[in-house]
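Breakdown of the fold
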Amino acid sequence: MNQVIFWGTRGSLPVALSRNDVREKVLAALTAANGKTFKTRSALGEFVDSLPFSVAGTFGGNSACVEIVHTGPEHFICDMGSGARPLGQAKIARYGAPNPQTYHIFISHLHWDHLMGFPYFAPMYIPGNRIVIHGCHKQLEEAFRMQMRSPSFPVDYSQAGAQIEFDLMTPNKAHFIAGINVIPKLQLHLGDSYGYRFESTNRTVVYSTDSEHKLEDLPARQACVDFFAKADLVIFDAMYSLAEAVSVKADWGHSSNVVAVELCQAAQAKRVALFHHEPMHDDRQLSRLLKETQRLEQITRGTHQPLEVISAYDDLIIEL
Amino acid sequence: MILSTREQSGVLVVCVNGRLDHVTSELFNSGLSPLIDRCSQENPPVLLDFSNVDYISSAGLRVLMMASNRAKSQKGAFAIAALKPLVQEIFAISRFTLIMPCYISVETACKVLGK
């Protein structure tokens, strides 16, 4: 494994920037320019890159879809949120239709925001492609078929051109798939969710979204620390503040940035990516959340090795 | 965990010490629980003096949340005072400052809460 690409990072529901959001960004950029002139496009580009991320960029709005790039020829993808649409387009652009590919897709759970991109995942319509959908829910195949059934969707599942297979995995057991060991783990979420630990010969990535952590449950905490142990990257559901997660949004099945830092520090993970962003949070709020979480890591580090804290955004590419 | 208490201006001031993390938070909870049992409209407000607390984790914050909820359900007053700067930061980052009354000092809290 050498890269992770985030195609969709938003929780619960895809969102898009509004006209007013874009206008605010333009206003902020022009205010920062303060009458400067730029002789070349490159100079302009440098200025834009110097602006805060919340002005020059956006965290994006697609729901969960993450690609783990392996050295082998087969593709590894976590979840089929709406980010699966640009992912599919990128694969078609790169490989073309007449070049069959194998896609391994790991599904955390069957809630719609994690499946809704599949009907827009272009490789599924191309004969010759092979798509293996891995998961731990018994209703895995039915959930995929159901969302493409009339009257919910105009194209029936039977119109898929690719060969689609379903692989029911066993939690807590290592599954050797195309050169990577994949271990699923049951997580606390309504209807159950599963995290996945991907281990190659030299790198470990953990995908853990839609998971609530009950702070009083010490055995569950330790199991989670073991699951994250020494990971190069942990992708973590940090949808709520801790105050929300233990009060008004308790039992809603999500976690916080504070618990992300605590668990990853205890697990001696190298890097954590805040993920499954709250749809109500705009770019400024998410940027602030990242800064606060980095500060929290700094002041609570103690004798731990530094943990790099990042916040995932659509199109982010991480070198492992 | 034994928590020492004193009465000041009609407020029950509870002194908390050390680190409140996932290991010590249950002990903190068991020490605090009997004090919260008596936190009601008829009894003095309960104020936690955090001036000797060096660190609080999510598990410790959860104990505070449970105590606050119980106090509210009994129509009692519950608050925290004298947070060290680092603990204050953790409260702010976790957004506990939005849901938990925090005072700059025990004296300030007693002026507001005391009878």
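The rules behind these values
Residues numbered from 1 in each chain as written. Chains lettered and ligands numbered in written order. Predicted model: local features only at pLDDT ≥ 70, side-chain atom pairs only at ≥ 80, totals over all residues. Heavy atoms only, no water. Pairing = 2+ DSSP bridges. Helix = DSSP H or I, 4+ residues; strand = E, 2+ residues; numbered from the N terminus. Axes fitted to C-alpha atoms, helices over the stretch in contact; angles between N-to-C directions. Right-handed = clockwise from strand over helix to strand, strands pointing away. Buried < 20%, exposed > 50% of the residue type's maximum accessible area, 1.4 Å probe, protein only. Arc of directions from axis to C-beta. Contact = heavy atoms within 4.5 Å. Phe/Tyr/Trp six-rings, centres within 6.5 Å; stacked < 30°, edge-to-face > 60°. Patch = residues over 30% accessible without salt bridge, like charges linked within 9 Å, V, L, I, M, F, W, Y side chains within 5 Å. Areas by Shrake-Rupley, 256 points an atom, 1.4 Å probe, with all protein chains shown as cover. Salt bridge = Lys/Arg side-chain N within 4 Å of Asp/Glu carboxyl O. Core = buried A, V, L, I, M, F, W, Y, C linked by side-chain atoms within 4.5 Å. Buried area = accessible area lost by both parts, 1.4 Å probe. Polar contact = N/O pair within 3.5 Å; in protein donor to acceptor, adjacent residues only side chain to side chain. Nonpolar A, V, L, I, M, F, W, Y, C, P; charged D, E, K, R; others polar. Left-handed = near helix turned anticlockwise from the far one by under 90°. Parallel < 35°, antiparallel > 145°, perpendicular 65-115°, else oblique.

Another point: the sheet that holds strand β14 (residues 317–319) of chain A. Strand pairs in the sheet, formed through backbone hydrogen bonds, run parallel or antiparallel to each other. Residues and elements named next belong to chain A. Spatially, seven strands are ordered β6-β5-β4-β3-β2-β1-β14 in an open sheet, and the strand pairing comes out mixed. Lying at the two open borders of the sheet, with one neighbouring strand each, are β6 (163–168) and β14. Averaged over all adjacent pairs, the angle separating strand axes in this sheet is 20 degrees, with direction ignored. Inspection of the sheet shows strand β4 (residues 102–106) paired to strand β5 (residues 130–135) by five bridges, in the parallel sense. In the strand pairing of β5, T102 is matched with R130.

Now for the pairing of β6(A). All names here are of chain A. Bridging between β5 and β6 involves six bridges; their strand directions are parallel. Paired with I133 across the two strands is F166, which belongs to β6. For the crossover that starts at β5, traverses helix α5 (residues 140–146) and ends in the parallel β6, the hand is right-handed.

All names here are of chain B. Residues of helix α4 (residues 106–113) that are buried: V106, A109, C110 and L113. Across the axial projection of α4, the buried residues extend over an arc of 100 degrees, all falling on one side. Seen from the open side of α4, the exposed residues pointing more than 90 degrees away from its buried face are K111 and V112. Against the buried residues of α4 lie β1 (4–8), β2 (11–20), β3 (46–56), β4 (78–81) and β5 (102–103).

Enumeration over the complete set of coordinates arrives at 19 aromatic pairs over all chains. Centroid distance A:F53 to A:F59: 4.9 Å. Interplanar angle 75 degrees. Geometry classified as edge-to-face. Classification of A:F53 as partly exposed rests on a relative accessible area of 32%. A centroid spacing of 6.3 Å and a plane angle of 85 degrees characterise the contact between B:F50 and B:F91, whose relative ring orientation is edge-to-face. Highlighted residues: B:F50 in strand β3 and B:F91 in helix α3 (residues 85–93), separated in sequence by 41 residues. The same class applies to B:F50 and to B:F91, which are both buried. Each residue in the set A:F76, A:F106, A:Y196 and A:F198 is aromatic and connected to the rest through ring pairs, giving one cluster.

Residue and element names in this part refer to chain A. The grouping of L17, V22, V26 and L30 at the surface amounts to a nonpolar patch, some 340 Å² of accessible area in total. Assignment of secondary structure puts L17 in the loop between β1 (3–8) and α1 (19–33). Relative accessible area serves as the criterion here: at 39%, L17 is assigned to the partly exposed category.

Before going further, it helps to spend a moment on the nonpolar core. Core analysis: the biggest nonpolar cluster contains 58 residues, and A:F228, B:L48, B:F50, B:L64 and B:F91 have the highest contact counts within it. For B:F91, the contacting residues outside a window of four places in its chain are B:F50, B:I56, B:L61, B:L64, B:I80, B:L83, B:F96, B:T97 and B:C102. Among the nonpolar cores identified, the runner-up in size contains 28 residues, and A:M1, A:V4, A:I235 and A:A312 belong to it.

With 20 residues of chain A in contact, the opposing surface of chain B contributes 16 residues. Of the roughly 1,700 Å² buried between chain A and chain B, counting both surfaces, carbon and sulfur atoms make up 65%. Across the chain A-chain B interface, the total number found is three salt bridges. Here A:E216 makes a salt bridge to B:R62, at a shortest N to O gap of 3.0 Å. Taken together, the connections running from chain A to chain B amount to six residue pairs in polar contact (both at pLDDT 80 or more). Looking at the side of chain A that touches chain B, the elements with two or more residues in it are α6 (218–228), α7 (242–245), α8 (257–266) and α9 (283–300) of chain A. At seven residues, the largest contribution of residues to the side of chain A that touches chain B is made by α9(A). In terms of residue class, the side of chain A that touches chain B is made up of 10 nonpolar, four polar and six charged.

Residues and elements named next belong to chain B. Sheet architecture is open: five strands sit in the order β1-β2-β3-β4-β5, paired in mixed fashion. Pairing within the sheet leaves two strands with one partner each, and these edge strands are β1 and β5. Strand contacts of α4: β1, β2, β3, β4 and β5, with the helix running at about 155 degrees to β3, the strand carrying the most contacts.

This paragraph deals with the packing of α8(A) against α9(A). Packed helices, taken two at a time, are described by the angle their axes make and the gap between the axes. Residues and elements named next belong to chain A. In contact at an axis separation of 10 Å, α8 and α9 are set at 40 degrees when each is read in the N-to-C sense. Relative to α9, α8 is oriented so that their crossing is right-handed. Contacts between α8 and α9 involve N257, V258, V261 and Q265 from the first element and L289, T293, L296, E297 and T300 from the second.

Residue and element names in this part refer to chain A. Relative orientation of the contacting elements α6 and α8 amounts to 65 degrees, with a least axis distance of 8 Å. Relative to α8, α6 is oriented roughly perpendicular. In this structure, α6 crosses over α8, and the sense of that crossing is right-handed. Note on element contacts: α8 touches α6 through E262, L263, C264 and A266, opposite R221, C224, V225 and F228. When grouped by side-chain class, the residues that make up the contact of α6 with α8 number six nonpolar, no polar and two charged.

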